[in-house]
Amino acid sequence: MKKLFPVLLSALILLTGCAWPAATPSGGVGNLNLYGTDPYTLDPALAGDSASVGYIIQLFSGLLRLGDDLEPVADIAANWTISPDGRVYTFNLRQDVYFHSGRQVKAADFKYSWERAAAPETGSQTAATYLDDILGVDEVLAGRTKDISGVRVLDDFTLQVELVAPKSYFLAKLSYVTSFVVDRENVAQGPIWWRTPSGTGPFRLRSWVQGQEIVLVRFPDYYGEKAQLATVIYHLLSGYAMSLYEKGEIDIAEIGVDYYDLVTDPAGPFAQELVITSQLLLDYIIFDTTQPPFDDANVRRAFALAVDKTKIAALLFRNTVTPVEGVLPPGTPGFNEYLLGLAFDVERAQACLEASSYGANLPEITLTVSGYGGQIPSALEAIIYDWELYLGVRVTVRQLEPEEYLYNINAEKDNLVIFGWSADYAHPQNFLEVLFGAGRPYNIGEYEGAAFNELLRQAGASQDEAESLRLYQAAEQALIDDAACIPLWSGESYTLIRPYVRGYIPNPLGLVWLNTVWLER
């Protein structure tokens, strides 16, 4: 999922969950008050940002979801079989799943939902990433047909899916919201049907007053673990989360580095309410490899070598982020602690620049960032300072409003883009191929490395997990050797949770399914 820079708030303190003793949920009562922002969309086919996805997973669902160990588990699909060649998946659906409107969910609803997501007129930026392994999706994306040939409805509750080639990560991909089922009768209500969505999730949307409040209510006919809360109230942009938490207006607050001392002080009022969760996050800088001067790998290497990530993390983030040399965050399957990165080295950076086809005669560089009012994060100012000091280059910043940045960055990008990515599923493919694979929509820098892409192909096709991870590690090393980007840092999330809120455990993707939460007071 796309995140706005800076995405990282916390330090590498590996604590998850809460220390309070177990208790029994009270069941269907209580209001949970949260801080929130307006989602850009509640259409599963369109959502590509973390804020929107956080709401969608409460309202909608799909064949699979991610379990506590981040492995795909059954959801609307009761079970499934895979053909010996790894290309054909047959899903048997539950027969007790209903849209919020009361209509029963059937296999044909999934075929409709996926064909709608891939249809050019829908305008999805995620379908080409999360559905493209299915045979026939490319033809629908190109507008040559409306039928996904690889998706077949065998009967009301049996769906068969044929892939272009075996993909070890296919089931994990299906846990992302693009493949969630939508109600065609709801969609037929008009282009902003999602303002009054009829989903299949544990909560229904009762009301949404833009810029003020979103209220979710328990869906009593949910097929899975029914919500223990009566309502969830999101207070939208109603002040600083920490201030609202201190005043008792919200029950949970995500905390930034500015409050680090306050919330970690063992003698303070918040230390016992603090939960720190490992996150699969990456902040990184993207080069537009198709345009001068970053079409030259030596220029890219020079820029990567001239950033003192460790110093910035210490002085500006107070070591609440962890500098990284690769693109796979710690905790990702296949994470390579022995990866050879482009660590801070001024002499080597200057030598790479001199060896480039541009030498010291670099054009003025423009960097694209998200935000308002012309202010940029201090960490970004420090990065630019390093470049100007050590490479003698002039860098200007062009700021885009967040929605334009999140959903139109491919068209709007300049020479450099600073970006944040939160994993959608715990697999190296979600970082390496999704962000850097040739022709991929999220390959914003349009990087094309022949050796890298061949290794990705082999890794994705391998049915041997150990061999697949070894190939992904080799692909990551090739990517870093070619300086396709500048990996910056990864880290954790800090969350304050009232002691009476039980079952609220953010996972490493930054998501919480609220039907597991209850109040004890």
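What comes next concerns the included structure. (Residues numbered from 1 in each chain as written. Predicted model: local features only at pLDDT ≥ 70, side-chain atom pairs only at ≥ 80, totals over all residues. Heavy atoms only, no water.)

With an omega of 0°, the peptide bond running from proline 292 to proline 293 counts as cis. Along the chain, the position of proline 293 falls in the loop between strand S14 (281–287) and helix H9 (297–305). For asparagine 319, which is not glycine, the phi dihedral falls at a positive 60°. Summarising the element assignment, asparagine 319 is placed in the loop between helix H10 (309–315) and strand S15 (321–323). Asparagine 319 sits in the partly exposed class, given a relative accessible area of 48%. The backbone of glutamate 446 shows a phi angle near 55°, a positive value even though the residue is not glycine. With respect to the secondary-structure elements, glutamate 446 resides in the loop between helix H14 (429–436) and helix H15 (450–461). Owing to a relative accessible area of 39%, glutamate 446 belongs among the partly exposed residues under this scheme. (Helix = DSSP H or I, 4+ residues; strand = E, 2+ residues; numbered from the N terminus. Buried < 20%, exposed > 50% of the residue type's maximum accessible area, 1.4 Å probe, protein only.)

This part covers the sheet that holds strand S8 (residues 158–162). Strand order in the open sheet made by the four strands is S5-S6-S8-S7, with antiparallel pairing throughout. The open sheet has two edge strands with one neighbour each: strand S5 (77–82) and strand S7 (151–155). Averaged over all neighbouring strand pairs, the angle between strand axes comes to 20°, with direction disregarded. With five bridges connecting them, S5 and strand S6 (residues 88–93) associate as antiparallel partners. (Pairing = 2+ DSSP bridges. Axes fitted to C-alpha atoms, helices over the stretch in contact; angles between N-to-C directions.)

Moving on to the sheet that holds strand S9 (residues 203–209). Taken in spatial order, the four strands line up as S2-S11-S10-S9 in an open sheet, and their pairing is mixed. Each having just a single partner strand, strand S2 (31–36) and S9 make up the two edges of the open sheet. Each neighbouring strand pair of the sheet contributes to a mean axis angle of 20°, computed without reference to strand direction. The pairing of S2 with strand S11 (residues 231–236) spans six bridges and is classified as parallel. Bridging across to S11, glycine 36 finds its partner in leucine 236. Packing of helix H1 (residues 50–59) onto the sheet brings it into contact with S2, S9, strand S10 (213–218) and S11, and relative to S9 it is tilted by some 135°. (Contact = heavy atoms within 4.5 Å.)

Glancing now at the environment of valine 327. Here valine 327 lies in the loop between S15 and helix H11 (346–355). Looking at valine 327, the relative accessible area reads 0%, which means it is buried. Separated by 278 residues in sequence, valine 327 and aspartate 49 have C-alpha atoms that sit 19 Å apart.

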